[in-house]
Amino acid sequence: VSETDEPSKELLAPLAAAFRDSGYQIEKPVEMILRSNLFFDPSTRRRRVKSPIEFSVGTIRALEIVKPTVATAALAEACARMGQSLFAPPSVAGWDAGPGWINSTAMLARANLALGLLSDGDNSLGERCNPWALATEHGTGRRKDLAGFFIELLAQDALEPKARQQIEKAATAKNASDESAAREVVRLILTSPEYQLA
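Residues numbered from 1 in each chain as written. Predicted model: local features only at pLDDT ≥ 70, side-chain atom pairs only at ≥ 80, totals over all residues. Heavy atoms only, no water.

So, the side chain of Arg143
We apply this condition: Strands here are runs of E lasting at least two residues and helices are runs of H or I lasting at least four, both read from the DSSP assignment and numbered beginning at the N terminus. Only protein chains enter the accessibility calculation, which uses a 1.4 Å probe; a residue is then buried when its area is under 20% of its type maximum, exposed when over 50%, and partly exposed in between. Each polar contact in these results corresponds to two N or O atoms within 3.5 Å; when the atoms are within protein, one needs to be able to donate a hydrogen and the other to accept it, and residues that are neighboring in sequence are counted only if both atoms are side-chain atoms.
Position of Arg143 relative to the elements: it lies in helix H8 (residues 143–154). Residue Arg143 is classed as buried on the basis of its relative accessible area, which comes to 17%. Side-chain polar atoms of Arg143 contact the backbone oxygen of Ala173, separated by 2.5 Å.

A few points about the pattern of salt bridges
When their charged atoms lie close together, side chains carrying opposite charge are able to pair. Threshold: Salt bridge criterion: a side-chain nitrogen from Lys or Arg within 4 Å of a carboxyl oxygen from Asp or Glu.
Per the counting criterion, the structure on display carries seven salt bridges. The residue Glu77 makes a salt bridge to Arg81 at a minimum N-O spacing of 2.7 Å. On the criterion of helical spacing, the pair formed by Glu77 and Arg81 is a turn pair, its members being four residues apart in helix H5 (residues 72–81). Taking relative accessible area as the criterion, Arg81 reaches 45% and is therefore assigned partly exposed. Taking the shortest distance from any N to any O, the salt bridge between Asp178 and Arg143 comes out at 3.2 Å. Pair noted here: Asp178 is in helix H10 (residues 178–190) and Arg143 is in helix H8, with a separation of 35 residues, a long-range link. Shared partners join several salt bridges into a network, and the residues in it are Arg142, Lys144 and Asp145.

Some thoughts on the packing of aromatic side chains
When we look at a pair of aromatic rings, we describe it by the centre distance and by the angle of the planes. We count it as follows: Planes of paired rings set the category: under 30 degrees apart is stacked, over 60 is edge-to-face and the rest tilted, where pairs are Phe, Tyr or Trp rings (Trp by its six-membered ring) whose centres lie within 6.5 Å. Think of it as a cone above the ring: NZ of Lys or CZ of Arg counts as a charge over the ring if it is within 6 Å of the ring centre and within 35 degrees of the ring normal.
Counted under the stated rule, the structure contains four aromatic pairs. On the basis of an interplanar angle of 85 degrees and a centroid distance of 5.2 Å, the ring pair of Phe19 and Tyr24 is categorised as edge-to-face. The class for Phe19 is partly exposed, based on a relative accessible area of 27%. Owing to a relative accessible area of 53%, Tyr24 belongs among the exposed residues under this scheme. Stacked on the ring of Tyr195, the Lys or Arg Lys50 has its end atom at 3.4 Å from the ring centre.

Considering the confidence of the model for the protein chain
Predicted coordinates in areas of low pLDDT are best not read in detail. Test applied: The quantity known as pLDDT measures the predictor's confidence residue by residue, on a range of 0 to 100.
Overall, the prediction assigns the protein chain a mean pLDDT of 89, with 97% of residues at 70 or greater. Mean pLDDT across the elements of the protein chain bottoms out in helix H3 (residues 37–40) (82) and peaks in H10 (95).

Here we look at the nonpolar core
Soluble globular proteins tend to bury their nonpolar side chains together. The line we're drawing: Here, nonpolar core refers to any group of buried Ala, Val, Leu, Ile, Met, Phe, Trp, Tyr and Cys residues whose side-chain atoms link them within 4.5 Å. Contacts are residue-level and defined by heavy atoms, with any inter-residue pair within 4.5 Å sufficient.
Ranked by size, the top nonpolar core spans 39 residues in total, and within it Leu63, Leu146, Phe150, Leu154, Ile167, Ile189 and Leu190 carry the most contacts. Tallying contributions element by element places H10 first for this core, with seven residues. Residues within four places of Leu146 in sequence aside, it is in contact with Trp132, Ala135, Thr140, Ala171, Asp178, Ala181, Ala182 and Val185.

Observations regarding unusual backbone geometry
Positive phi is not limited to glycine here, since Tyr24 has a value of about 65 degrees. Here Phe87, not a glycine, exhibits a phi torsion of approximately 65 degrees, which is positive. In this structure, Phe87 sits in the loop between H5 and helix H6 (104–118).

As for the environment of Arg128
Along the chain, Arg128 falls in the loop between H6 and helix H7 (131–137). On the accessibility criterion, Arg128 (24% relative accessible area) is partly exposed. Taking the C-alpha atoms as reference points, Arg128 and Thr44, separated by 84 residues in sequence, lie 32 Å from one another.

Description of H10
For the record, the criterion: Here a helix's expected span is defined as the number of its residues, less one, multiplied by 1.5 Å.
Along its 13 residues, H10 runs 18 Å from first to last C-alpha, staying within 8% of the 18 Å computed at 1.5 Å per residue. Listed in full, the buried residues belonging to H10 are Ala181, Ala182, Arg183, Val185, Val186, Leu188, Ile189 and Leu190. Buried-residue contacts for H10 involve helix H4 (52–62), H6, H7, H8 and helix H9 (161–171).

Digging into the packing of H9 against H10
This is how the line gets drawn: All axes are obtained by fitting lines to C-alpha atoms, using only the stretch in contact for helices, and the reported angles, taken between N-to-C directions, cover 0 to 180 degrees. Here the angle decides the label: under 35 degrees means roughly parallel, over 145 means roughly antiparallel, 65 to 115 means roughly perpendicular, and every other value means oblique. Handedness of a crossing follows from how the near helix is turned relative to the far one, being left-handed for an anticlockwise turn of less than a right angle and right-handed for a clockwise one. Each residue gets one label: Ala, Val, Leu, Ile, Met, Phe, Trp, Tyr, Cys and Pro are nonpolar, Asp, Glu, Lys and Arg are charged, and the others, such as Gly, are polar.
Where H9 meets H10, the closest approach of the two axes is 8 Å, and the angle between their N-to-C directions is 165 degrees. As judged from the angle between their axes, H9 and H10 are roughly antiparallel. When the axes of H9 and H10 are compared, the crossing they make is right-handed. Here Gln166, Ile167, Ala170 and Ala171 of H9 lie close against H10, whose contacting residues are Ala181, Glu184, Val185, Leu188 and Ile189. When the residues that make up the contact of H9 with H10 are grouped by side-chain class, the tally is seven nonpolar, one polar and one charged.

Shown next, in the form of structure tokens:
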């Protein structure tokens, strides 16, 4: 849930007991965690940096780029540029998580993936997203509703008021087509600091 706050012994004790009592079946403590009120508490949101695979796959699923989806090799290459070579962790301990996923190289790679997914001319990723078509498919066919739809879909209550205003302004830009306004709205959200957190 958090990469910065160590869980208290009081929280760990029931998990450890359930794990031990089940004969070390991992599903028991995982089930306890996923059913706990603390797991769903608003204070636990946006406390972890998304790993490259979480960022990539989460974005692809949220934008419904599923049938067909992004080319597997292109997705793996994008994750590698963000610092996570799939199936090749740097050690048996896996990848260093947390703030290690955020650096200038990784942020540029995240932005490039977002731009690639939204591009109407670059097909290096295979299937891409048309945000305007996605919004209209879900009943949001008006420019004034674009910002609210994509903020709720991708960031919920995480964005600062200034960022929300910038996104709302992009949604209603008079010199932009419906498609380009929708792409700009999604680009602003996907490259925001808040979207990098889970």
